[in-house]
Amino acid sequence: MSVFPITVPDPDLLPDGPLRLLAARALRGDRADGARVAVSIEGGGLATSMSAGIAHGLQRAGLLQWADVVYGTSSGSLVALYAASGRMPDAATILESACQRAFIDMRRIGRRPVVDLEVLLNISRERPPALELGDRPEARVLAVRVEDGVLRTFGPLAELDDAHGAVRASMAIPVWAGPPVRHDGDLLADGGLIESVPIHTPLAEGATHVLALRSRDAQYRKGEAGRLRRMVEEPVIRRLPGEVPRLVRERPALYDADAELLERASAGDGEYAGRIAQLAPPSGTALVGRLQTDVQRVRAAFAAGTELALRALAGTH
């Protein structure tokens with residue numbers, strides 16, 4: 001249970017940027033400020049329980065509904081559907097329900113996909129998001145076209161089967177979740193191969209401000225894989241279709257560059273200061289891995305994310 005009051009924060013107590021805009025909108029009850037605010041949800045398998053918890057904190061404080069659009073990539077794409085429709089408690093239930101061997105089972109490695117995405121989507125169908133837009137933010141998800149390595153945006157998503165099809169494509173993690181999937185005429189793979197944290201796409205599509213909700217702490221970097229790991233992974237990577245091998249190799253550098261951009265912008269440095277900000281757990285926070293199956297750890301990460309958001313809004317983050 002949070003020790004912080006669940007009330008709309010005073011915008012003047014928040015740093016210039018997307019959080020202040022959302023708080024001002026919540027107090028006024030309108031979006032009449034000429035801005036377009038995007039909320040970006042980082043995925044990472046069950047690690048997204050942290051970013052989902054942060055979204056839940058923003059919802060409890062009455063801010064999330066005042067975003068214009070919510071973007072998600074990989075597992076963050078499913079969370080984006082629930083964030084946009086204001087149903088983050090359902091997202092928490094789905095993430096906890098995913099902690100089962102039917103969804104993640106390392107014993108399947110080399111025989112079948114370790115991650116069975118249909119299990120997760122079936123859980124979602126039991127608690128579907130409310131995708132009718134109304135006065136809610138749009139939901140958009142990212143996936144990569146295998147043929148040419150181009151990132152595609154799907155949305156605004158308003159119909160459940162179409163939304164689940166786009167999410168299934170966005171979560172098609174190479175090797176772990178099986179082969180790429182076909183949706184809307186294209187063969188697609190995990191959007192996180194290019195944008196694990198959607199930043200550039202929202203800006204390119206008209207967002208004036210982006211608030212990134214992180215699954216990992218602000219100092220986390222993927223770095224360059226060691227020589228032994230490269231030797232083990234390279235034969236598998238070479239067999240992947242289309243542009244996916246190149247994207248897999250380039251992904252750590254892209255991720256780390258975006259993590260640096262987020263850290264600088266959140267500190268008020270660089271060209272995106274005041275336009276881009278992140279809510280990320282502090283270094284040393286107990287996080288969960290992408291293949292986590294311990295429901296207690298997933299639940300704790302979601303709760304920690306909720307608390308993190310409320311602390312940030314109270315000025316104690």
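Everything numeric in this text was worked out from a predicted model, so none of it was measured.

Participant: Residues and numbers for a nonpolar patch on the surface, please.
Facilitator: Where nonpolar side chains cluster on the molecular surface, the patch consists of Met106, Ile109, Val175, Trp176 and Val236 and spans about 410 Å² of accessible area. Mapped onto the elements of the fold, Trp176 is located in the loop between helix H6 (160-170) and strand S5 (181-183). Residue Trp176 is classed as partly exposed on the basis of its relative accessible area, which comes to 30%.

Participant: Tell me about helix H5 (residues 117-126), and name the residues and values.
Facilitator: Residues Leu117, Val119, Leu120, Leu121, Ile123 and Ser124 constitute the buried set of H5. Its side-chain oxygen 3.2 Å from the backbone nitrogen of Glu118, Asp116 forms the N-cap of H5.

Participant: Which residues make up the environment of Leu131, and what are the values?
Facilitator: Among the structural elements, Leu131 can be located in the loop between H5 and strand S3 (138-145). Residue classification places Leu131 among the buried residues on the basis of a relative accessible area of 6%. Taking the C-alpha atoms as reference, Leu131 lies 9.6 Å from Gly86; in sequence the two are 45 residues apart. Not counting the four nearest positions on each side in its chain, Leu131 is found in contact with Leu81, Leu157, Ala158, Glu159, Leu160 and Ala163.

Calculation criteria
Residues numbered from 1 in each chain as written. Predicted model: local features only at pLDDT ≥ 70, side-chain atom pairs only at ≥ 80, totals over all residues. Heavy atoms only, no water. Patch = residues over 30% accessible without salt bridge, like charges linked within 9 Å, V, L, I, M, F, W, Y side chains within 5 Å. Areas by Shrake-Rupley, 256 points an atom, 1.4 Å probe, with all protein chains shown as cover. Salt bridge = Lys/Arg side-chain N within 4 Å of Asp/Glu carboxyl O. Helix = DSSP H or I, 4+ residues; strand = E, 2+ residues; numbered from the N terminus. Buried < 20%, exposed > 50% of the residue type's maximum accessible area, 1.4 Å probe, protein only. Polar contact = N/O pair within 3.5 Å; in protein donor to acceptor, adjacent residues only side chain to side chain. Contact = heavy atoms within 4.5 Å.

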